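Secondary and tertiary structure notes
Spelled out, the chains give:
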Amino acid sequence: MSNVKIKVISRNPEDYMRATKRDIHKLPRNYDPSLHPLEAPREYVRALNAVKLERVFAKPFVGNLDGHRDGVSSMAKHPKRLAVLASGAFDGEIRVWDLAVRKCTRNFVAHEGWVRSLCYTPNGESFTSVGDDKTIKLWKSEVQSSDDEDPLNTLLSLSVVTGITHNRVKPIFATCGEHCQLWENTRNEPVKVFKWGVDSLHHVAFNQIEHNLLASCASDRSIILYDCRESGPLRKVVMELRSNALAWNPMEAFIFTVANEDYNLYTFDVRKLNHPINIHVDHTSAVIDVDYAPTGREFVAGSYDKTIRIFESLKGHSRDVYHTKRMQRLTCVKWSLDNKYILSGSDEMNIRMWKARASEKLGVLKPRERTALHYADALKDKFANHPQIKRIARHRHVPKHVYNAQKELRIIKEKNKRKEANRRAHSKKGAVPHISERRKHIVKEDE
Amino acid sequence: MKVEKKKRYFQNEDEKKPESNSDGVEVYTINIKPNARRPKRPGNLQKINKRKDEVKRPPKYPGKAPVDPKKLENHSRGEGLDAQNVKHPLHAAKLRKRENKLHYAQKQAARAEILLTEQQGSLQVDEDAKTTAISQKIIAENVDIAAATKIFELNLDFGPYRAKYSRNGRHLLIGSQKGHLAAFDWVTKKLHCEINVMESIHDISWLHVETMIAAAQKEWLYIYDNNGIELHCIKRMDKILRMEFLPYHFLLAAVNEFGFMSWLDISIGEIVGHYNNRLGRTSVMTQNPYNATVCLGNSKGVVSIWSPSVREPLAKILCHKTPLTAIAVDNRGMYMATSGVDRSMKIWDIRNLDGPIQHYKLRTAPVALEFSQKDMLAVGLGEVVEVYNNCCSQTADRPYLRHRMGKSINNFKFCPYEDVLGIGTSHGFSSIIVPGSGEPNFDALESNPFQTKKQRKEAEVKALLEKIPAELITLNPFEITEVDVPSMQEQMEAKKKLLYVKPKKIDYTPRLKNKNKGKTNIARKKIIKDAARKEYIEQAKEAQKLLELPSEPSAPKQSFGVLDRFVSKPKSKK
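Residues numbered from 1 in each chain as written. Chains lettered and ligands numbered in written order. Predicted model: local features only at pLDDT ≥ 70, side-chain atom pairs only at ≥ 80, totals over all residues.

Going by this rule: UniProt positions are given in the numbering used here, feature names are shortened, and annotations may be inferred rather than shown by experiment.
As recorded by an unreviewed UniProt entry, chain B carries the name BING4 C-terminal domain-containing protein and is attributed to Loxostege sticticalis. Under the UniProt heading Subcellular location (unreviewed entry), the note attached to chain B is "Nucleus, Nucleolus".

Named according to an unreviewed UniProt entry, chain A is DDB1- and CUL4-associated factor 13 originating from Loxostege sticticalis. The Subcellular location (unreviewed entry) field of the UniProt record for chain A holds the comment "Nucleus, Nucleolus".

What follows is the structure, given as structure tokens:
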């Protein structure tokens with residue numbers, strides 16, 4: 001038995017233990033599945049823990065900016081600087097904020113009556129405000145000397161101005177009021193006036209990609225599309241109730257979402273205005289404002305029911321709901337350009353900062369932490385349809401008035417459904433046609 | 001006059017001048033190369049065709065090395081779904097994307113095998129020689145000193161011993177019939193504790209960490225720490241014969257003299273399952289590490305598989321026609337080895353409950369069976385241990401190793417992550433080397449033989465957070481990732497249940513006292529009862545409709561001629 005070759009596992013402990021106490025521990029890995037039994041149930045438990053932790057860490061409120069002496073009427077994001085925000089109030093005051101330190105850097109009374117709307121110019125050097133006093137005022141963003149505190153330019157409009165939006169490329173901006181007016185920065189008169197019907201318009205927004213396109217919401221329940229190269233408006237779609245605000249998807253040029261008075265939001269495709277491509281429900285009162293995330297995947301809506309809801313742009317129900325005891329009716333919401341924060345202005349004079357993802361950890365993440373979070377996200381996604389995990393991920397506490405309103409709305413919806421079914425059952429075949437929910441809320445489309 | 005439209009979509013340099021035909025319409029002949037837009041693939045093809053005659057040069061950058069398909073198969077998580085049957089293109093694309101990701105992960109895991117540092121043990125002899133003849137002495141002479149210390153023997157006086165290794169293979173626990181209980185680090189031979197419990201010990205087990213020991217004593221179950229201090233005496237679990245610890249569920253599964261099975265959740269101290277298995281006294285028990293079920297062998301030769309949440313066995317197999325002596329299940333949960341007093345040993349496919357795949361006849365009836373991490377099977381035959389290699393998928397004609405001892409075997413265990421078999425005998429404990437039996441590369445996040453105290457504490461917390469609930473113990477551990485489709489039978493049963501709804505309890509106390517003035521209590525109750533009965537009948541009718549059962553068997557009509565008019569008519573259905 002001389003020719004025996006024997007190899008036995010014999011480990012040198014030095015290869016597996018750290019040399020000094022300052023060293024890191026050695027952790028050899030082996031991904032052989034037979035060493036990791038019960039993979040599926042273990043992953044399930046991990047997913048369950050991850051989703052529970054997500055709810056535990058869901059603390060979306062970051063802070064508030066107080067200083068306004070009346071309700072906040074409008075806000076504008078700086079296009080180039082994340083920490084700058086301008087806000088106007090119902091008493092005509094404009095405040096400019098430094099969000100990083102949550103302090104007001106500048107405040108002045110700009111208009112008599114409301115500040116209806118604010119917008120920054122694309123280079124961020126100045127911003128424009130419109131007020132109830134029929135004036136459009138251009139202000140410098142940075143104040144170097146005392147001269148800069150006065151408006152750079154004041155334009156007088158013949159009629160009331162309620163909204164303003166700036167073209168992203170050209171030096172033109174549009175206002176709305178009685179009609180939609182197109183202005184150039186150098187002129188005192190509107191370059192173009194778009195008229196369609198007699199009713200007043202209350203919100204106007206330029207498309208960010210197709211920069212010649214703009215849309216406005218009118219108080220005769222319609223949404224009107226314009227092209228600033230043409231002389232007349234393009235198209236109009238009339239809904240059952242009026243739309244309060246409109247936001248263009250920043251990534252898909254042909255998509256926009258309107259916040260409607262009938263508690264819903266509607267996402268339209270400009271190419272097919274006869275029905276919305278999606279209806280976003282969940283609010284229990286009129287939706288006042290809407291703003292898209294810079295990714296175009298999500299948007300935020302503020303409502304008269306004192307809650308903010310975040311929707312995924314392809315889904316019909318909200319992903320999250322934010323509320324506090326002190327927050328009153330929302331007047332404006334904005335999604336920050338780094339896709340991390342949401343800003344909301346409300347009736348009770350405060351501007352609030354929220355995290356866009358409620359359980360996200362702010363600040364720098366260590367690599368291990370980041371991988372752990374990614375792993376948890378992947379697991380949550382994998383087991384998203386399991387009843388336990390779905391239930392925990394979906395659960396939200398809402399204020400009692402919202403809860404009751406939701407219940408009532410559900411009853412009303414069921415009632416309508418039942419009534420329609422009864423009517424259909426007791427009338428001639430085809431007399432009560434099936435109309436899809438998406439077509440129900442559109443009255444007509446004009447061209 | 002008709003206006004002719006002229007359109008030119010393509011312009012080429014070598015374009016011919018427009019011809020004009022008789023109608024005065026300009027006709028352009030447009031030369032479009034069919035591959036003008038996608039030059040890549042066809043272009044390459046052309047190049048290859050040109051070079052056909054030349055000597056093929058190896059590409060400069062050949063890309064990633066191919067993965068060994070055998071390794072790839074090892075890391076596979078099943079076949080995956082076919083996107084062809086998915087109707088919606090979006091969902092099909094999503095599914096395809098996910099499948100690609102899974103495939104990528106599988107490939108990466110297979111590629112990572114290159115990082116494994118240790119080699120599996122092996123035993124090579126001359127072609128004409130047999131490995132069976134190699135004794136422990138020869139092995140000890142041919143291995144390094146550190147490995148040779150793993151062959152040792154403990155001569156102890158307290159009767160038959162049982163031995164178990166901790167999950168990382170570092171610590172050893174022995175307990176004797178006469179009450180001797182000892183725990184030690186068998187690599188460094190450092191003793192943790194040694195006590196005599198002054199009672200018989202039927203079985204022993206490590207708990208999730210090496211600081212806790214469970215011992216099934218004459219009456220009750222006791223838990224000691226690694227200093228031999230009694231932590232708990234669990235009187236709810238009495239007269240236990242065999243125990244198994246399920247590390248991922250934190251369950252201590254035990255079966256007692258009277259056939260009661262109990263699962264103790266040691267993290268919260270609660271018994272999650274306790275029932276009689278109606279098999280009588282059974283002392284043949286093992287766990288299936290693949291799905292954490294418990295396999296019991298009884299005196300009729302039937303192996304039954306149990307989980308804490310179901311009071312019936314999940315499955316039963318008649319393995320032998322004689323009483324069973326031992327069962328073993330391999331690490332991947334593929335094979336089960338059983339042996340009976342008829343001196344036979346059978347290998348079964350336990351996933352499909354199929355077999356026997358192999359049927360061996362042995363000299364004597366085995367007292368114990370045990371699979372190693374690399375699927376070697378140790379068989380204890382009286383005073384001899386035989387180790388078989390590759391005996392499941394093919395028939396082994398002789399053992400890989402044979403070790404003869406002067407004492408009878410009580411039980412044995414392969415040491416995880418080592419090439420060591422530890423044998424509890426009637427007069428102590430002996431440890432022998434079986435080259436190639438253990439997994440050479442451990443995963444430190446799963447179980448680490450070189451764990452420090454701090455790492456152990458951290459791992460304990462992590463393991464507790466990931467404790468799998470006892471309800472998830474099923475035959476197929478991947479059940480939780482599958483789509484839950486109720487079977488036809490379940491659907492029918494759910495419908496049938498509607499027919500036999502338990503009548504609701506009726507609350508007779510009136511909501512408004514004044515409302516029922518003038519009525520007696522009995523009359524009032526009667527009204528309520530009637531209403532309840534009416535509702536119940538309505539419900540039953542609805543259920544009947546759902547089931548679509550015929551309400552009454554319609555009898556064939558019998559004709560009485562003129563007297564038909566007196567036959568009572570069936571009530572017309574509304």
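Having seen it, we continue.
**Side note on the interface of chain A and chain B**
Put simply, the test is: Think of it this way: build a C-beta for each residue from its backbone, and any pair within 7 Å is a contact. A run of H or I in DSSP becomes a helix once it reaches four residues, and a run of E becomes a strand once it reaches two; helices and strands are each numbered from the N terminus. When residue character is reported, Ala, Val, Leu, Ile, Met, Phe, Trp, Tyr, Cys and Pro are called nonpolar, Asp, Glu, Lys and Arg charged, and the others, Gly included, polar. The rule for pairing is simple: two strands pair if DSSP sees at least two bridges between them.
Counting residues at the interface gives 33 residues for chain A, matched by 52 residues for chain B. Among the secondary structure elements, those contributing two or more residues to the side of chain A that touches chain B are β1 (5-7), α1 (13-16) and α2 (39-56) of chain A. A total of seven residues in the side of chain A that touches chain B trace back to one element, the largest contributor, which is α2 of chain A. Partitioning the side of chain A that touches chain B into residue classes produces 19 nonpolar, seven polar and seven charged. Sheet analysis places β1 of chain A next to strand β3 (residues 122-124) of chain B, joined by three bridges and oriented antiparallel.

**Regarding the UniProt feature "domain: BING4 C-terminal" (unreviewed entry) in chain B**
Here, UniProt's "domain: BING4 C-terminal" (unreviewed entry) annotation points to residues 399-477 of chain B. For residues 399-477 of chain B, helix accounts for 16% and strand for 28%, while the C-alpha atoms at its two ends are 33 Å apart.

**Quick look at the sheet that holds strand β22 (residues 335-340) of chain B**
All names here are of chain B. Using the following cut-off: Under this scheme, a helix contributes an axis fitted over its contacting stretch, all axes are lines through C-alpha atoms, and angles between N-to-C directions fall in the 0 to 180 degree range.
The strand order across the open sheet formed by four strands is β21-β22-β23-β24, and the pairing between neighbours is antiparallel. Each of the sheet's edge strands pairs with one partner strand only, and the pair in question is β21 (324-329) and β24 (354-361). When the angles between neighbouring strand axes are averaged without regard to direction, this sheet yields 20°. The pairing of strand β23 (residues 344-349) with β24 spans five bridges and is classified as antiparallel. The partner of Ile347 across the bridge, within β24, is Gln358.

**Description of the packing of α2 of chain A against helix α4 (residues 387-394) of chain A**
All names here are of chain A. Just so we agree on the cut-off: An angle below 35 degrees is treated as roughly parallel, one above 145 as roughly antiparallel, one from 65 to 115 as roughly perpendicular, and anything else as oblique.
Contact geometry for α2 and α4: axes closest at 9 Å, N-to-C directions at 10°. Put simply, α2 runs roughly parallel to α4. Across the interface between the two elements, Ala47, Leu48, Val51, Lys52 and Arg55 from α2 touch Gln388, Ile389, Ile392 and Ala393 from α4. Of the residues assigned to the contact of α2 with α4, the class counts are six nonpolar, one polar and two charged.

**Quick look at helix α6 (residues 453-465) of chain B**
Short version of the rule: Multiplying 1.5 Å by the residue count of a helix minus one yields the expected span of that helix. As a rule, residues whose C-beta atom has 12 or fewer other C-beta atoms within 10 Å are exposed, those with 20 or more are buried, and those in between are partly exposed; C-beta atoms are placed from the backbone.
Over its 13 residues, α6 of chain B extends 19 Å from the first C-alpha to the last, a length consistent with the 18 Å expected when each residue adds 1.5 Å. The buried fraction of α6 of chain B amounts to zero of the 13 residues, a small share that puts the element mostly on the outside.

**With respect to the sheet that holds strand β6 (residues 171-176) of chain B**
Within a sheet, adjacent strands bond to each other through the backbone by hydrogen bonds, running parallel or antiparallel. Residue and element names in this part refer to chain B. Strand order in the open sheet formed by four strands is β5-β6-β7-β8, with antiparallel pairing between adjacent strands. Since the sheet does not close on itself, it has two edges, and those belong to β5 (161-165) and β8 (190-196), each with one partner. Ignoring strand direction, the axes of neighbouring strands in this sheet form an average angle of 10°. Here β6 runs beside strand β7 (residues 180-185); their pairing, made up of five bridges, is antiparallel. Of the residues in β7, the one forming a bridge with Ile174 is Ala182.

**Quick word on the UniProt feature "repeat: WD" (unreviewed entry) in chain A**
Residue and element names in this part refer to chain A. On the UniProt side, "repeat: WD" (unreviewed entry) is annotated at positions that read residues 65-107, 108-140, 280-312 and 323-364 here. Within the segment residues 65-107, helix and strand shares are 0% and 58% respectively, and the terminal C-alpha atoms sit 13 Å apart. Strand forms 43% of residues 323-364 and helix 0%; the C-alpha atoms that close the span are 27 Å apart.

**Some words on α2 of chain A**
All names here are of chain A. Along its 18 residues, α2 runs 25 Å from first to last C-alpha, staying within 8% of the 26 Å computed at 1.5 Å per residue. Inspection of α2 places Pro41, Tyr44, Val45, Ala47, Ala50 and Val51 among the buried residues, and these make up the whole buried set. Here the buried face of α2 lies against α3 (367-382) and α4.

**A few points about the packing of α2 of chain A against α3 of chain A**
Residues and elements named next belong to chain A. At a closest axis distance of 9 Å, the pairing of α2 and α3 adopts a crossing angle of 105°. Relative to α3, the element α2 lies roughly perpendicular. Within the contact between the two elements, α2 uses Glu43, Arg46, Ala47, Ala50 and Val51 and α3 uses Ala376, Leu379, Lys380 and Lys382. Grouping the amino acids of the contact of α2 with α3 by side-chain chemistry returns five nonpolar, no polar and four charged.

**Let's talk about the pairing of strand β31 (residues 428-433) of chain B**
Residue and element names in this part refer to chain B. For β31, the buried fraction is high: six of the six residues fall into the buried class. The two faces of β31 match: Gly428, Ser430 and Ile432 on one face and Phe429, Ser431 and Ile433 on the other face are all buried. Where strand β30 (residues 420-425) folds back on β31, the antiparallel hairpin that results is connected by two residues.

**Some words on the nonpolar core**
As a reminder of what qualifies: Note on terminology: a nonpolar core is any set of buried Ala, Val, Leu, Ile, Met, Phe, Trp, Tyr and Cys residues joined through C-beta atoms within 7 Å.
Residues Ile213 and Leu377 of chain B are the most contacted members of the largest nonpolar core, which totals 111 residues. Core analysis: the next-biggest nonpolar cluster, separate from the first, contains 79 residues, Ala86, Ala89, Val287 and Ile342 of chain A among them.

**Comments concerning the pairing of strand β10 (residues 212-217) of chain B**
Residue and element names in this part refer to chain B. Summarising burial for β10: five of the six residues are buried, a large majority. Bridge analysis of strand β9 (residues 201-206) against β10 gives five bridges, and the strand direction is antiparallel. Residue pairing for β10: Trp206 is matched across the bridge by Ile213. Taken together, β9 and the strand that follows it, β10, pair antiparallel across an intervening segment of five residues. Joining the antiparallel neighbours β10 and strand β11 (residues 220-225) is a turn of two residues.

**Re the UniProt feature "domain: Sof1-like protein" (unreviewed entry) in chain A**
Those places that UniProt annotates as "domain: Sof1-like protein" (unreviewed entry) correspond, in this numbering, to residues 356-442 of chain A. Along residues 356-442 of chain A the backbone is 62% helical and 1% strand, and the end-to-end C-alpha distance reaches 31 Å.

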